[in-house]
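A structural walkthrough
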Amino acid sequence: MKQESTAQNTPPASPPLSPAPSPPPSPPAQHPRDDGDPQALWIFGYGSLVWRPDFAYSDSLVGFVRGYSRRFWQGDTFHRGSDKMPGRVVTLLEDREGCTWGVAYQVRGEQVSEALKYLNVREAVLGGYDTKEVTFYPQDTPDQPLKALAYVATPQNPGYLGPAPEEAIATQILACRGFSGHNLEYLLRLADFMQLCGPQAQDEHLAAIVDAVGTMLPCFCPTEQALALV
């Protein structure tokens, strides 16, 4: 929501012959849908949060952040893997040319503390993620960006696995399961979300891993078992 321009004061003299120029418009508000609520917070999800936030929220928007690329470089020993066989989940990598699609959730009032408390356990304690502020661009109104909180796994956390060939990542994903389900489900649900975003949403890293899984899956296990994983 743009702020209304402030009218200029008219001096106590005769009216000017021509109207005074209007001041330039104010830039777009950072929180276009918070309705002036200073307690509102936006949380950006780009992994499992896009399909399973598991916290109460007031609004949600599909969109993207610029300057970051999504990578399956974070290890997961709880949700999608185990201590002996860590799964692969996504994090954000700073990339000047990057663009990552996801969902921003708005939380208000009591929802803020409840969501942050829940995500601290899910993403920070169990996942090894830190928080970072990002600029989110809604799909329908990209000219009205807003600030959002994102959970990002950095190389400093003990679960960080780092880069690997897409084929190696696919092999690891096919072999791992955690308390939230099979690692393959995580991959395919994220791929489904990207397809729903439309052709403008691209993620070459994700697509390459999906292609590698598609090639390996028939050889990795019998057809019945492969279908059960999905």
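Reading the values: rules and limits
Residues numbered from 1 in each chain as written. Predicted model: local features only at pLDDT ≥ 70, side-chain atom pairs only at ≥ 80, totals over all residues. Heavy atoms only, no water. Buried < 20%, exposed > 50% of the residue type's maximum accessible area, 1.4 Å probe, protein only. Helix = DSSP H or I, 4+ residues; strand = E, 2+ residues; numbered from the N terminus. Arc of directions from axis to C-beta. Phe/Tyr/Trp six-rings, centres within 6.5 Å; stacked < 30°, edge-to-face > 60°. Core = buried A, V, L, I, M, F, W, Y, C linked by side-chain atoms within 4.5 Å. Contact = heavy atoms within 4.5 Å. Expected span 1.5 Å × (residues − 1). Bend = angle between axes of the 7 residues up to and from the residue. Pairing = 2+ DSSP bridges. Axes fitted to C-alpha atoms, helices over the stretch in contact; angles between N-to-C directions. Salt bridge = Lys/Arg side-chain N within 4 Å of Asp/Glu carboxyl O.

In this section: helix α2 (residues 166-175). Listed in full, the buried residues belonging to α2 are Ile169, Ala170, Ile173 and Leu174. One face of α2 carries all of its buried residues, which in axial projection span an arc of 135°.

What follows is about the packing of aromatic side chains. The tally for this structure, following the rule as stated, stands at 10 aromatic pairs. Judged by centre distance (6.0 Å) and plane angle (85°), the ring pair of phenylalanine 72 and tyrosine 186 falls under edge-to-face. Of this pair, phenylalanine 72 sits in strand β2 (residues 59-76) while tyrosine 186 sits in helix α3 (residues 183-197); the two residues are 114 residues apart in sequence, bridging distant segments of the chain. Exposure class is identical for phenylalanine 72 and tyrosine 186. Each is buried. With centroids separated by 4.8 Å and ring planes inclined at 35°, the aromatic side chains of phenylalanine 78 and phenylalanine 179 adopt a geometry described as tilted.

Let's shift gears to the nonpolar core. Phe44, Phe55, Phe72, Phe136, Leu187 and Ile209 are the most contacted members of the largest nonpolar core, which totals 51 residues. At 8 residues, strand β3 (residues 87-107) tops the list of elements feeding residues into this core. Look past the residues within four positions of phenylalanine 55 in its chain and what remains in contact with it is Ile43, Leu49, Tyr105, Val107, Ala115, Tyr118 and Leu119.

Think of an α-helix as turning once every 3.6 residues; residues three or four places apart then point the same way. The end-to-end C-alpha separation of helix α1 (residues 110-125) is 22 Å, in line with the 22 Å expected for 16 residues at 1.5 Å each. The sharpest bend along α1 comes to roughly 30°, located at leucine 119. For α1, the full list of buried residues reads Val112, Ala115, Leu119, Arg122 and Glu123. Looking at the buried positions of α1, the neighbouring elements they touch are β1 (41-45), β3 and β5 (146-152).

With that settled, consider the sheet that holds β2. The 5 strands lie next to each other as β1-β3-β2-β4-β5, forming a closed barrel whose pairing is mixed. Taken pair by pair, the neighbouring strands of this sheet meet at an average axis angle of 45°, ignoring direction. Bridge count between β1 and β5: 2 bridges; the pairing is parallel. Across the sheet, residue phenylalanine 44 finds its bridge partner in β5, namely alanine 150. Where α2 meets the sheet, its contacts fall on β2 and β3, and the angle it forms with β3 comes to roughly 40°.

Evaluated as defined, the whole model comprises 6 salt bridges. With a closest N to O distance of 3.3 Å, arginine 122 and glutamate 123 form a salt bridge. The exposure classification of arginine 122 matches that of glutamate 123, with both residues buried. One salt bridge in this structure joins arginine 189 and glutamate 185, with 2.9 Å as the shortest N-O distance. Of this pair, arginine 189 and glutamate 185 both sit in helix α3, 4 residues apart, roughly one helical turn. Residue glutamate 185 is classed as partly exposed on the basis of its relative accessible area, which comes to 22%. Each of Arg80, Glu185 and Arg189 takes part in a single network of salt bridges with overlapping partners.

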